Amino acid sequence: MALDFGRNSRGGATDRSAMLRLRVLEAVAIALCCVGCVGGPNLGSRPGPPEVEVTPSRLGGSARVVRIDVIAGEGGALSPNDLWLFAGELSDYHLGRINRRDLPATLSERMVPVRVEGERDRGRVSLLPTVVLEPGARYTLATPGWGQLAQFDVDAQDDTPLLERVWPPTGSTVGRLLVLCGGAVPAETFEVTLDPSGLPVAIEPSFGTLPDGRICVSAHLSNDGEAPGLLGLPPEAGGVLLDPTPFEIAPSSAPETALCDEGELALGPGCARVDDDRLNVRSADEPLLWALETNGSARIEPMPAAGRWVVRGLEPDREQRVWGRAISVGGAELPFDVNVRTLPERSHLVLNEVLANPLGSEPAAEWVELFNDGQSAAELLGLWLRDSAGAVELPAATIAPGEYALLVRSDFPATLSGDVPPLPGTQLVRLPLLAKGGLSNSGEALDIEDANGLVLSRFPALAARRAGVSLARTRVDAFDADAGAFAEHGAPGASPGTMNY
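No experiment lies behind these values; they were computed from the predicted model shown.

### Quick word on the overall build of the protein chain
Working step 1: Along the backbone of the protein chain there are 3 helices and 34 strands.
Working step 2: Counting only contacts in the protein chain whose residues sit at least 6 apart along the sequence, the fraction spanning at least 24 positions is 58%.

### Details of the packing of aromatic side chains
To describe a pair of aromatic rings, one takes the distance between the centres and the angle between the planes.
Working step 1: Counted according to the given criterion, the structure contains 5 aromatic pairs.
Working step 2: Measuring from centroid to centroid gives 5.8 Å for Tyr139 and Phe152, while their planes differ by 20°, and the two rings are stacked. A residue pair is termed long-range when its members are at least 10 positions apart, and Tyr139 in strand 6 (residues 138-143) and Phe152 in strand 7 (residues 147-153) qualify at 13 residues.
Working step 3: Ring centres of Phe371 and Tyr404 lie 4.4 Å apart, and the angle between their planes is 35°; on these two criteria the pair is classed as tilted. Taken together, the residues span a long stretch of sequence, with Phe371 in strand 24 (residues 367-372) and Tyr404 in strand 29 (residues 404-409) at a distance of 33 residues. Like Tyr404, Phe371 is buried.
Working step 4: Each residue in the set Trp290, Trp309 and Phe336 is aromatic and connected to the rest through ring pairs, giving one cluster.
Working step 5: Cation over ring: Arg308 sits above Phe479, and NZ or CZ is 4.7 Å from the ring centre.
Working step 6: Sitting above the plane of the Trp323 ring, Arg321 keeps its charged end 3.9 Å from the centroid.

### Side note on empty space enclosed by the protein
Working step 1: The tally for this structure, following the rule as stated, stands at 2 cavities of 30 Å³ or more.
Working step 2: Looking at the largest cavity, its volume works out to about 100 Å³.
Working step 3: Val354, Ala356, Leu439, Ser440, Gly443, Glu444, Leu446, Phe459, Pro460, Leu462, Ala464 and Leu471 together form the lining of the largest cavity.
Working step 4: Grouping the constituent residues of the lining of the largest cavity by class yields 9 nonpolar, 2 polar and 1 charged.
Working step 5: In this model, the second largest cavity occupies a volume close to 30 Å³.
Working step 6: Looking at the lining of the second largest cavity residue by residue, the class counts come to 9 nonpolar, no polar and 1 charged.

Calculation rules
Residues numbered from 1 in each chain as written. Predicted model: local features only at pLDDT ≥ 70, side-chain atom pairs only at ≥ 80, totals over all residues. Heavy atoms only, no water. Helix = DSSP H or I, 4+ residues; strand = E, 2+ residues; numbered from the N terminus. Contact = heavy atoms within 4.5 Å. Phe/Tyr/Trp six-rings, centres within 6.5 Å; stacked < 30°, edge-to-face > 60°. Buried < 20%, exposed > 50% of the residue type's maximum accessible area, 1.4 Å probe, protein only. Lys NZ or Arg CZ within 6 Å of the ring centre and 35° of its normal. 1 Å grid on protein atoms, 1.4 Å probe; cavity = no way out; pocket = protein on both sides within 12 Å on 5 of 7 lines; lining within 4 Å. Points joined across faces, edges and corners; volume = space filled by probe spheres on them. Nonpolar A, V, L, I, M, F, W, Y, C, P; charged D, E, K, R; others polar.

Okay, structure coming up:
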């Protein structure tokens, strides 16, 4: 049976709409038939997908610091700006948005920052994530047009040491000195080549030790008067992983000698107040890396502008030498070498941690932790705990050097309801009350004062926003006036009777 599309069903004039539809269908049919024909659409000429290799690799996956090498398929072009790395897996919806170059906010937040090196014009590039990847996490490389290119997992059990950059501080360029620190470092000098300049750099051991015990190595940089631009360390060398944060070599300028207040000791670009077993140092109005030695020990301390820190390890009541150097962001050094006379030995009582918002009953389950950071025993009799509403006298009790004690109410429960219990053996100093009506969850300053009203230690007014989570010093020797030295406690929420973490 023939069908006539030239006339309508009533035998009338030609239906022009029907003819137009027919011609569109014919054009589509011709296009489909000509796929692969000379002069027609040739989908077969599309290059193959890029090849991807992730290094360094480990037995159970990839390292936390990696290089991702990408080679375009035969006959294809590769745009480095279109190579995107994401944390986690990508759904079909996400791949569709990537192909349309229209990333939703939830996907943009998962994008991992990278730097790109290599022969871009030849379709050979390397992507180097500029952050350390999460152990055990999965990552996906994708690009518009091809969608997902590769997926890899980071080894959850890799114990290769990681050297993290501590100097210059994050966000700063590098002068002539780069300092990396970690729990384990190579014992001998090893050489690396900086990307992409090819500059050889020697990584030297024995630069010093951070207060947290990490050991540091150093690299002295030189660009022979030229500015090579953005640089990066290789992912791995000398048996260690290297910090992936990129940097630039910056001009060098030396810090200036400080003008100190009365009662302070000039220490290069900083000023110090002498105590019994320590120096309380006030750094200069620029970021500095302090490398200091005394009594046979060497340590380093990165300091922000106008930062303050404590030099420990001195012997009380004697004269001794303190020497070292302060290093600017540009790598210039200002040496110092002084003799100091320390004060007689004393206790250092510290308000270290406060639980104002317990999971258990309030105010009975609240507590205030004291720590003796000195070398002499601390006697509590004659001292006062003061808040905004008044003060309560502390009873007779002794806190030994290095010991923690909790100030609690007389009705402090023997069994806590969900709160972290005190470490067994922790001394509980019971008071009629800690504060009028209990410790304020909205925050109030607490002081420990002597009989003359002299403040021995102060804890700032910080809101206790989460039940069961204490507020704590980040370091027991953090200065009272440094608000940034106090924060919410990490998991499990508190550490009554032991070190904060």
